[in-house]
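Inside the fold
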There are 2 protein chains.
Amino acid sequence: MADTLRSVNPTTGAAFGDPIAETTPEAVAQAAAAARAAAPGLAAMRPHDRGDLMRAVAAALTGHEDAIIALADAESGLGEARLRGELARTTGQFELYAAYAETGAVLDVVIDHAAPRATPPRPDLRRWNTPLGPVAVYAASNFPLAFGVAGTDTAAALAAGCPVVAKAHASQPATAVLLGAIITEALEKRGADPRVFAVVGGFQAGLDLIRDPNIKAGAFTGSIAGGRALAEEAAGRPEPIPFYGELGSLNPVVVTPEAVAQRGPALVEEFAASMTLGAGQFCTKPGLLFLPEGHGLDEALAEAVRAKQVHPMLNGRIREAYAAEAARLASHPQARFAVEPSEAEGGFAVTPGLIEAPASAIDGDDALLHECFGPTALVLTYADAAELERVLPQLPGGLTATVQLATSTDPIAQTALPLLAERSGRVLVNGWPTGVAVTHAQHHGGPWPATTNARYSSVGTGAAARFVRPVAYQSTPEPLLPEALHDDNPLGVQRRVDGVLEPAAGA
Amino acid sequence: MADTLRSVNPTTGAAFGDPIAETTPEAVAQAAAAARAAAPGLAAMRPHDRGDLMRAVAAALTGHEDAIIALADAESGLGEARLRGELARTTGQFELYAAYAETGAVLDVVIDHAAPRATPPRPDLRRWNTPLGPVAVYAASNFPLAFGVAGTDTAAALAAGCPVVAKAHASQPATAVLLGAIITEALEKRGADPRVFAVVGGFQAGLDLIRDPNIKAGAFTGSIAGGRALAEEAAGRPEPIPFYGELGSLNPVVVTPEAVAQRGPALVEEFAASMTLGAGQFCTKPGLLFLPEGHGLDEALAEAVRAKQVHPMLNGRIREAYAAEAARLASHPQARFAVEPSEAEGGFAVTPGLIEAPASAIDGDDALLHECFGPTALVLTYADAAELERVLPQLPGGLTATVQLATSTDPIAQTALPLLAERSGRVLVNGWPTGVAVTHAQHHGGPWPATTNARYSSVGTGAAARFVRPVAYQSTPEPLLPEALHDDNPLGVQRRVDGVLEPAAGA
């Protein structure tokens, strides 16, 4: 008998709906084989046709907005307002990647014409990117839509021309099934091959999927332990495949004395809001706040954090781990609770917390440098620039790092910013890391353990580059070349010809 | 007592010169720590200064040409003419990467200005690439210069701004020491930090190096077994690091019946020359020749191969493996020797060989699909397009694949070319894969087991991208931004501003 997944409402802790069977090993293999069979057709689509297909998926998701929001809210407890915004971001991702696919930028076309009189003579060489093949996408629970089975990894893989087999998160199985059905219907309505997208569920199905020979890449958002285990599975296969895991991050924020003087109380409010957003279950939650000694904000901080009403945690396991990790951090000999978090009434509800320690507590000791997933953060008090210079290089790699400053000539900011850039994928000034703009320049990644591969982003157009590989054609007659490599550029794609960049037609 | 490495002359089999001590674990750690200490300085160099530094290294190598050639020839037996050409390629690589570093293309600067009235509003975001840090480079024996300790991986890493600790190949320890001394002297002469380049030697030193916490990436050219083992070490570290291995490749060549009719005898000569180049010890050696049934070239092929005088094998172990693998292939029930290879007089000398089988012998059976490193190849006779359609998708991933055709409307070519492109990094028409042009469009990589990561090339300017990671700056005042991200582009680097490509100044 197959195991089942249950929907549980975090606001009540009660299970609801019908049990959903975990995907059997045979069904996982079938989904991967179907994706492999559909891969050449998807790869052969012209950029504009692929763009149209992706916009149709976005429109279908919007068309089922109410049903999606209701179910995602029941399974995540994140609330309607947040989830409506998240759905808009999710469909926006499909649209951005669609436009990106249309420019042909993901193809990265490079043409070097023959140079028969060069030393040594060079043949005609033309390179483009081809899709890797079916991608296993592992959905995260903290963004049921934007990082779920129809999230950024799925949109990026489709833009690259790769079919997707997405593994549902155990906390949101019904939402995943619904999203899968909507996408399948949208594909069928357009006469597209529905095998380019499938959803599977269950822990064993996730393992079976990364081991399946028809899967050619993996993308994951979740815990360090889970991501590391899947990354090692991917590397240890008879045919190793690339694996992109986005894991944990502390997201340090350094506040300069000038900034405290200029707007201390406002920073306290903003920090408390950012840190407790989504019950602190953001991968970009500012979990580490560096304040200068004598900042005088202790009471304001405790008050602001205590006043925050937060969503319940996503599931019971996360709630337990939250309490345990907060207690572990506060038990450090140099740390103490400024606000002690606790469990609260109703489902997986909790209250936020705050832990204080001197910055010297992390000097040569990484016990405090572990993410507490949930609405508790650590405030570290630093003495001066010299102390930051000593401790900041000891921080683990992260997705983001922030400096709050008053002037760009501030010596503390000048010290902190380059040190933070060395350990992070995104550096912010006078902002909060919990918003991630989906643009070309965005980078949502960072050194280990933020990701398994710091070269890549799971947000922004760069995310599609994870799922392609280059192929060069040497001295190949035009009738045998892919259209994107023809001299007259019939697809109007962005390209680099004899070293000179040419934008996409209409760009 | 430390183990030692010995120089051995492949033309005589005799050891020469003083024993060279293997690098101790302490010395490996020291070299990695020194590289780490030198990393920020190298990273902070302006593109043009880095370019100048690399050209100085190239000039120093050219300045010591005679000494390098003499020693590399004594340790490799590859002959003066070939090695002089290879040194020119090696210095050419440094110069190409220097020019590439100067365009700033490796920085991949993307600037998206703030869009406060967009929905949702977008902050100012600017992204560039920063160096990963010290790179462990594993030298190959078959190209003592172009893929040696001063080879393409080293030049690409320096262009990316990463220090290099290069592990010498056990067959060419003295050449590695000499190259290391020349580079160190060139760096010191310019007043540059000599810690950005070091050479280590010994099997254990290679392992220690990939495990060293100061090493942030690895690049390797060599065997599947060696590359796989190092790749798993890299993935299994407490902090996993990217690893780029270029391993084995069969490099199939499909000859159409039209091509046989048009120029069969010429193709036979060209194939024999390409297959025996460097004693068949090229990663791009055409090891698999598909000929149409009734090609009538059997005798010519045997004669051409038998007539080839080849260099000795690089070392005794490779010579033994060559004989054993050729015998294993020929023992396949459907295969036979057309020309039986053998050991020859003098050092590690061998004679070339040829094995024949019907293409159906690889249908559902991969026993014949293993690289025989050395001057022996497999000729497979195919019946028709349908047979190619069945067997070509069963080939392992490779660096290259070639079609020899007479017209681009040839149905066999039309069938074979896309199937070969799916399994290779470079597709050639009417050429031979053993020449690898070093250009922008080049791709020297391919699906497993050709490489551990099909996204990357170890030849061509794309090779530098393996050693950088992006960092995005959000809402950061210009005085705190790296110069490359300033609005007025003081470094004149290539960039993409609000979606529009801007070439490098002077490009």
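Residues numbered from 1 in each chain as written. Chains lettered and ligands numbered in written order. Predicted model: local features only at pLDDT ≥ 70, side-chain atom pairs only at ≥ 80, totals over all residues. Heavy atoms only, no water.

- Under an unreviewed UniProt entry, the name given to chain A is Aldehyde dehydrogenase (NADP(+)), and the organism recorded is Glycomyces rhizosphaerae.

So, unusual backbone geometry
All names here are of chain A.
- Each neighbour pair has its own omega, and for W448 with P449 the value is 5°, a cis peptide bond.
- With respect to the helices and strands, the residue P449 is situated in the loop between strand 16 (424–429) and strand 17 (468–474).
- Residue S475 is not a glycine yet carries a positive backbone phi of 50°.
- As for its placement among the helices and strands, S475 is situated in the loop between strand 17 and strand 18 (495–497). (Helix = DSSP H or I, 4+ residues; strand = E, 2+ residues; numbered from the N terminus.)

Quick word on the sheet that holds strand 11 (residues 288–292) of chain B
- In spatial order, the strands read 19(A)-18(A)-3(A)-4(A)-17(A)-16(B)-15(B)-10(B)-11(B)-14(B)-13(B)-12(B); together these 12 strands make up an open sheet with mixed pairing. The open sheet has two edge strands with one neighbour each: strand 19 (500–502) of chain A together with strand 12 (336–339) of chain B. Between one strand axis and the next, the sheet turns through 25° on average, direction left out of account.
- In this structure, strand 17 of chain A lies alongside strand 16 (residues 424–429) of chain B, joined through 3 bridges in parallel fashion. Residue Y473(A) lies in a different strand from strand 16 of chain B, and its bridge partner there is V427(B). (Pairing = 2+ DSSP bridges. Axes fitted to C-alpha atoms, helices over the stretch in contact; angles between N-to-C directions.)

Focus on the state of the cysteines
Residues and elements named next belong to chain A.
- Inspection of the entire model under this criterion finds 0 disulfides over all chains.
- You can see C283 has no disulfide; the closest cysteine sulfur is in C372, sitting 15 Å from it.
- The class of C283 is buried, set by a relative accessible area of 11%.
- Classification of C372 as buried rests on a relative accessible area of 4%. (Disulfide = S-S within 2.5 Å. Buried < 20%, exposed > 50% of the residue type's maximum accessible area, 1.4 Å probe, protein only.)

Quick look at the packing of helix 2 (residues 47–63) of chain B against helix 6 (residues 173–189) of chain B
Residues and elements named next belong to chain B.
- Contact geometry for helix 2 and helix 6: axes closest at 9 Å, N-to-C directions at 130°. Taken together, the axis directions place helix 2 and helix 6 in an arrangement best described as oblique. The crossing of helix 2 and helix 6 is right-handed. For the pair helix 2 and helix 6, the contacting residues are L53, A56, V57, A60 and L61 in the first and L179, I182, I183, A186 and L187 in the second.
- Here the residues of the contact of helix 2 with helix 6 are counted per class, giving 10 nonpolar, no polar and no charged. (Parallel < 35°, antiparallel > 145°, perpendicular 65-115°, else oblique. Left-handed = near helix turned anticlockwise from the far one by under 90°. Contact = heavy atoms within 4.5 Å. Nonpolar A, V, L, I, M, F, W, Y, C, P; charged D, E, K, R; others polar.)

Let's talk about the interface of chain A and chain B
- Taken together, the 62 residues of chain A in the interface contact 61 residues of chain B.
- Roughly 5,400 Å² is buried in total at the junction of chain A and chain B, and carbon and sulfur atoms are behind 58% of that figure.
- Contact with chain B buries surface across chain A, with R455(A), R469(A) and L480(A) losing the most and accounting together for 13% of the total.
- The tally of links from chain A across to chain B stands at 0 salt bridges.
- For the pair chain A and chain B, the interface holds 41 residue pairs in polar contact (both at pLDDT 80 or more).
- Of all elements in the fold, only strand 3 (109–112), strand 4 (125–131), helix 8 (224–236), helix 13 (411–422), strand 16, strand 17 and strand 19 of chain A reach the threshold of two or more residues within the side of chain A that touches chain B.
- The biggest single contributor to the side of chain A that touches chain B is strand 17 of chain A, with 7 residues.
- Of the residues in the side of chain A that touches chain B, the class split is 33 nonpolar, 13 polar and 16 charged. (Buried area = accessible area lost by both parts, 1.4 Å probe. Salt bridge = Lys/Arg side-chain N within 4 Å of Asp/Glu carboxyl O. Polar contact = N/O pair within 3.5 Å; in protein donor to acceptor, adjacent residues only side chain to side chain.)

Observations regarding the domain arrangement of chain A
All names here are of chain A.
- For chain A, the assigned domains are domain 1 (25–105 + 130–247 + 454–468) and domain 2 (252–429).
- Computed from C-alpha atoms alone, the centre-to-centre distance between domain 1 and domain 2 is 32 Å.
- Facing the 13 residues of domain 1 at the interface are 11 residues of domain 2.
- When domain 1 packs against domain 2, close to 920 Å² is buried across both sides, 58% of that on carbon and sulfur atoms.
- When residues of domain 1 are sorted by the area they lose upon contact with domain 2, L78, N142 and E246 head the list and together hold 40% of the total.
- Viewed at the interface, domain 2 and domain 1 are joined by 0 salt bridges.
- Looking at the side of domain 1 that touches domain 2 residue by residue, the class counts come to 2 nonpolar, 8 polar and 3 charged. (Domains from an automatic or database assignment.)

Details of the packing of helix 7 (residues 203–211) of chain A against helix 8 of chain A
Residues and elements named next belong to chain A.
- Taken N-terminus to C-terminus, the directions of helix 7 and helix 8 make an angle of 30°; their axes are 9 Å apart at the nearest point. One finds that helix 7 runs roughly parallel with respect to helix 8. Every pair of crossing elements has a handedness; the one defined by helix 7 and helix 8 is right-handed. Taking contact as the criterion, the partners of G206, L207, I210 and R211 in helix 7 are, on helix 8, L230, E233 and A234.
- Looking at the contact of helix 7 with helix 8 residue by residue, the classes come out as 4 nonpolar, 1 polar and 2 charged.

Points about helix 4 (residues 80–103) of chain A
- End to end, helix 4 of chain A covers 35 Å across 24 residues, agreeing with the expected 34 Å (1.5 Å per residue, within 8%).
- G104(A) sits one or two positions beyond helix 4 of chain A and adopts a positive phi of about 75°. (Expected span 1.5 Å × (residues − 1).)

Focus on the relation of the copies chain A and chain B
- Note on the identical chains: chain A maps onto chain B by a rotation of 180° and an axial translation of 0.0 Å, with an RMSD of 0.0 Å. The operation mapping one copy onto its partner corresponds to a two-fold rotation axis.
- When the interface residues of chain A are mapped onto chain B, 98% of them again fall at the interface, so both copies present the same face. (Least-squares fit on C-alpha atoms with pLDDT ≥ 70 in both.)

Re the pattern of salt bridges
- Considering all chains together, one arrives at 42 salt bridges over all chains under this definition.
- With a shortest N-O distance of 2.9 Å, R46(A) and E483(A) are connected by a salt bridge. A residue pair is termed long-range when its members are at least 10 positions apart, and R46(A) in the loop between helix 1 (25–44) and helix 2 (47–63) and E483(A) in the loop between strand 17 and strand 18 qualify at 437 residues.
- Looking at R46(A), the relative accessible area reads 42%, which means it is partly exposed.
- A salt bridge links E239(B) to K216(B), with the shortest nitrogen-to-oxygen separation between them at 2.9 Å. One end of the pair, E239(B), is in the loop between helix 8 (224–236) and strand 9 (243–246); the other, K216(B), is in the loop between helix 7 (203–211) and strand 8 (217–221), with 23 residues separating them in the sequence.
- Judged by relative accessible area, which is 23%, E239(B) ranks as partly exposed.
- When salt bridges with common partners are traced through the structure, they connect E65(A), D66(A), E80(A) and R84(A) into a single cluster.

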